[in-house]
Amino acid sequence: MKIISISVAAFILLTMISAKLGLAHENVHHKSSPQNHMQKNYLSQSKDNPRGIEILNFNAEHINQVITAGYPVTFGMYAFSHRKPTQYLTIKDDTGTAHQCLKANFLAFDIDDNYAFNINEDVSVELLIDRSQTSSLVYGFDQHGSARANGIIDLSGNTDLAWSTIKLEKARFSNRGMGNTDFAITTKETMLYESDLAKDTDTTLVFCGIKISRSSPDKSILNNKSASSKAEVTFNFMVESTPVPVRLGLYNSKGSAVLFNDNTLNLPFYEDRSQQLSVPGFYAPYQYWPHENRYYTYVEGLFKQELEPDSYTLIATKGPEYRISKMTFTVTDMAQTIDVQMKRWIDLPKQGWYSGDVHVHVEREEQDNESLLKILSAEDLHFTNMLEMSTIETNHFKQYDFGKKGTYVNDDFVIIPGVEGPRTAHRGHAIALNVKKVFDQKDSFFLYRDYFEFYQKQQAIIGYAHVGSQEFNASWGLALDVPSGQIDFVEIMQNQRLRTKFWYEFLNLGFELAPAAGSDFPYFEQPGAVRSFVKMPFNEQDDLPRPIHTADWFKQLRQGHTFVSNLPFIEFEVNGQPIGSKLAISDNQMLTIQAKANINTDYDKLAELELVHCGKVIKQITAPETGSELLSFQYQLSNTTSGWLALRAKGQDYALAHTGVIYLQDEKGSSICKKQAPAIIDTMLERLTLLENAKLDANKELEYWETGELKKAFDQQKPELVKQIKQAKFFYKKLKNSL
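Just so you know, these numbers come straight off a predicted model, no measurement behind them.

Caption draft 1: Here's a closer look at the packing of aromatic side chains. What the rule picks out here adds up to 39 aromatic pairs. Ring geometry for Trp503 versus Tyr504: centroids 5.8 Å apart, planes at 35°, classification tilted. A residue is classified by how much of its surface remains accessible, and Tyr504, at 7% relative accessible area, is buried. Among the aromatic side chains, those forming a connected cluster through ring pairs are Phe58, Phe109, Tyr139, Phe141, Phe183 and Phe207. The ring of Tyr322 carries Lys318 above its face, with NZ or CZ at 6.0 Å from the centroid. Positioned over the ring face of Tyr448 is Arg427, at 3.7 Å from the centre of the ring.

Encoded structure:
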């Protein structure tokens, strides 16, 4: 059996696959010893099961359990397209011997800790695969020194049911995968978009057996020195003299991440209260992390950890407004204290700009608030919207309450409950922020406007998620709902991507929509990986920010006084008016434009700064080849027509930022871009026709296993949905006739 090199062909192909669909944030579960491992049912500790984890009935030597999931993600792999429930099969080999097999999109294996836990050696894995029913096979595993250990197995050969052998170099097996697993397999086809596959493409694999063999089985299972040889190290993370929580990476001389004790701050990851996570790094562009090993955790300002004698690298971060702290130190057998200063690069709240994330999923009880807010403070994320998430059958990531009772404030950091729902692959995922009560009427599940009307009465702000991505047909839903005047924002920044096409289309039609950024943790990245910065009101007397009020942040976001960013700070004025302003234009009016962006160069450097008018770049400046910390320009524009202006910045690597819009309004108060509008209206009408004629495909729902009532609801609500579609078509036709 031929094994393609992980460092060359396999990783390149995985990168190509991953670039098609954003890989989710990786969870890492830590345990201090094999004795405290959950040997029985992993799900027994979980209140929620949003990704549909299932423990399978399959036994093999040295395997504690085999699991799958409806939406599995681990070790840089995932299953997305053509997912199906796991099947149990009996298959005979060439000798007539029967084998119990699993037909699945994705399988993950928890290797028995009494055989191998926290080792550091090469491990041989043999897999019995039915090649006649498996088109490809990709694997990933828990490796020392890296969060990126993947490979591809060549399945060519003449025998249908055959063993394939792979070598896992520097295997660690410390339960850092989904459901405490150590090794996983999937197919490359299920990691592609539906649009890249033929309708009848089978994305499953057929697995019939596994054999695990250590290269040094006589070594201690833990492969660690005795506890008595460790020394306690006390870490003080401070801003000046004040202790502050941080995101922490700690790595030994071989590059392996330290398995932390129980003093870390645990950020719930799906159904798991994980202790370590990893910064996704399987495809570009991805977030910068100053170490090859991308595992990290969150800790409070005072943190203690026992460490073996060795040299270590410490990385501490606190969001893009702070410098990265990186240092090396040596541990002997003596206790020591290490002070780490977290230094600001910029203080945006002093200028009135407060960061937020419109899209975070964490199941939350009231007693979780203090710990969660410390984690969000470690990211310096001021407004975090914790979204309960709906399917036709249930709600996941439940919040203990909504409105004031569900909001938690400490200093200028806030957790606010909201809702992602309704959400269907048929017409997009909707979001309502700052809601007081949840609308939970499944008889309106495809009639989003019923939800929007309910939330508007609560002064909530409403938007669409994942706008511009290829999933979930948000473009259809937006074409239907934006004309109703119920949509306040579109989530255009996510997963280190800035997707503006659909947003620009509606701006060109004269609609006022704010941009927003959402991490979609845990599905993509950590909270605050992308951010909505909102300009808070100032006191007129002293020109200082007013005391923080939650309602102000949402009001300013709705009005467009915002920019989205994963790093750069971006400033933009037209005739002295800030982002979100509405300027009345007149004949031969000269517009003076001030544009500026700067960036924390610990992460990236600026490459471009662009002025956008009605979706087209009309002014661009570029940095030298070495990049720049600052880019700025002043520009004079003679404008006589309605439209809009915005500013966007790009980094050399992955940095992106985009301002909200400054509207240029004619005498009727319209900002429509008349040259672009006719073609866009035709596009909207085409999308509405597609929506009107589309058949429901429940298998495309992210939680396809929770769609039992979906078709019934769709059939019942389709007549009203068609009525709304016809009303929207009438609106667009009338708009076109008015041009």
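Caption draft 2: Layout of helix α4 (residues 448-456). Restricting attention to buried positions, one finds in α4 the residues Tyr448, Arg449, Tyr451, Phe452 and Tyr455. Along the axis of α4, the buried residues cluster in a sector spanning 155°; they form a single face. Tucked inside the fold, the buried residues of α4 contact β30 (413-424), β31 (428-433), β32 (461-464), α5 (474-481) and α9 (710-738).

Caption draft 3: Representation of empty space enclosed by the protein in the model. Under the counting rule described, the total for this entry stands at 5 cavities of 30 Å³ or more. Here the largest cavity defines a volume of roughly 140 Å³. Forming the boundary of the largest cavity are 15 residues, of which Arg247, Gln287, Pro320, Gln526 and Tyr603 lie nearest the centre. Along the lines of polarity and charge, the residues of the lining of the largest cavity split into 7 nonpolar, 5 polar and 3 charged.

Caption draft 4: How the structure looks around the pattern of salt bridges. Counted by the stated rule, this structure contains 27 salt bridges. The salt bridge partner of Glu379 is Arg531, with a shortest N-O separation of 3.9 Å. With Glu379 in the loop between α2 (369-378) and β27 (383-390) and Arg531 in strand β36 (residues 531-535), this pair connects stretches of sequence that are 152 residues apart. Accessibility assignment for this pair places Glu379 and Arg531 in one class, buried. Across the pair Glu608 and Lys650 runs a salt bridge whose closest N-O atoms are separated by 3.9 Å.

Caption draft 5: Representation of the environment of Leu168 within the structure. Within the secondary structure, Leu168 sits in strand β12 (residues 161-171). As a C-alpha pair, Leu168 and Asp142 span 26 residues in sequence and 8.9 Å in three-dimensional space. Discounting chain neighbours no more than four positions away, the residues touching Leu168 are Glu121, Asp122, Val123, Val125, Tyr139, Phe141, Phe173 and Phe183.

Caption draft 6: Structural detail: the layout of surface pockets. Of the volumes computed, that of the second largest pocket is approximately 430 Å³. Taken together, 18 residues form the lining of the second largest pocket, with Val244, Ser377, Asp411, Asp412 and Phe413 sitting closest to its centre. Here the lining of the second largest pocket takes 4 residues from α2, the largest share from any one element. By residue class, the composition of the lining of the second largest pocket is 6 nonpolar, 4 polar and 8 charged.

Caption draft 7: Looking closely at the side chain of Lys729. Mapping Lys729 onto the fold places it in helix α9. On the accessibility criterion, Lys729 (15% relative accessible area) is buried. A distance of 3.0 Å separates a polar atom in the side chain of Lys729 from a polar atom in the side chain of Thr689. Setting aside anything within four residues of it in sequence, one finds Lys729 in contact with Leu685, Leu688, Thr689 and Glu692.

Caption draft 8: Structural detail: the state of the cysteines. Taken as a whole and assessed by the stated rule, the structure comprises 2 disulfides. The disulfide partner of Cys101 is Cys208, and the gap between their sulfur atoms is 2.0 Å. The S-S bond linking Cys101 to Cys208 shows a torsion near 110°; that makes this disulfide right-handed. Remark: Cys208 occurs in strand β14 (residues 205-214) and Cys101 occurs in strand β7 (residues 98-104); sequence separation between them is 107 residues. Taken individually, Cys101 and Cys208 each receive the classification buried, so the pair is uniform in this respect. In the chain, the bonded cysteines, numbered by position in the sequence, are linked as 1-2, 3-4.

Caption draft 9: A look at the sheet that holds strand β11 (residues 150-153). Here we have 6 strands laid out as an open sheet, ordered β2-β3-β8-β13-β10-β11, and antiparallel in their pairing. The two strands at the open ends of the sheet, each matched to only one other strand, are β2 (53-56) and β11. Neighbour to neighbour, the strand axes of the sheet diverge by 25° on average, direction disregarded. Two strands pair when backbone bridges link them, and strand β10 (residues 137-141) and strand β13 (residues 183-186) are joined in this way by 4 bridges, in the antiparallel orientation. In the sheet register, Gly140 faces β13, and the bridge partner there is Ala184.

Reading guide: rules and limits
- Residues numbered from 1 in each chain as written.
- Predicted model: local features only at pLDDT ≥ 70, side-chain atom pairs only at ≥ 80, totals over all residues.
- Heavy atoms only, no water.
- Phe/Tyr/Trp six-rings, centres within 6.5 Å; stacked < 30°, edge-to-face > 60°.
- Buried < 20%, exposed > 50% of the residue type's maximum accessible area, 1.4 Å probe, protein only.
- Lys NZ or Arg CZ within 6 Å of the ring centre and 35° of its normal.
- Helix = DSSP H or I, 4+ residues; strand = E, 2+ residues; numbered from the N terminus.
- Arc of directions from axis to C-beta.
- Contact = heavy atoms within 4.5 Å.
- 1 Å grid on protein atoms, 1.4 Å probe; cavity = no way out; pocket = protein on both sides within 12 Å on 5 of 7 lines; lining within 4 Å.
- Points joined across faces, edges and corners; volume = space filled by probe spheres on them.
- Nonpolar A, V, L, I, M, F, W, Y, C, P; charged D, E, K, R; others polar.
- Salt bridge = Lys/Arg side-chain N within 4 Å of Asp/Glu carboxyl O.
- Polar contact = N/O pair within 3.5 Å; in protein donor to acceptor, adjacent residues only side chain to side chain.
- Disulfide = S-S within 2.5 Å.
- Pairing = 2+ DSSP bridges.
- Axes fitted to C-alpha atoms, helices over the stretch in contact; angles between N-to-C directions.

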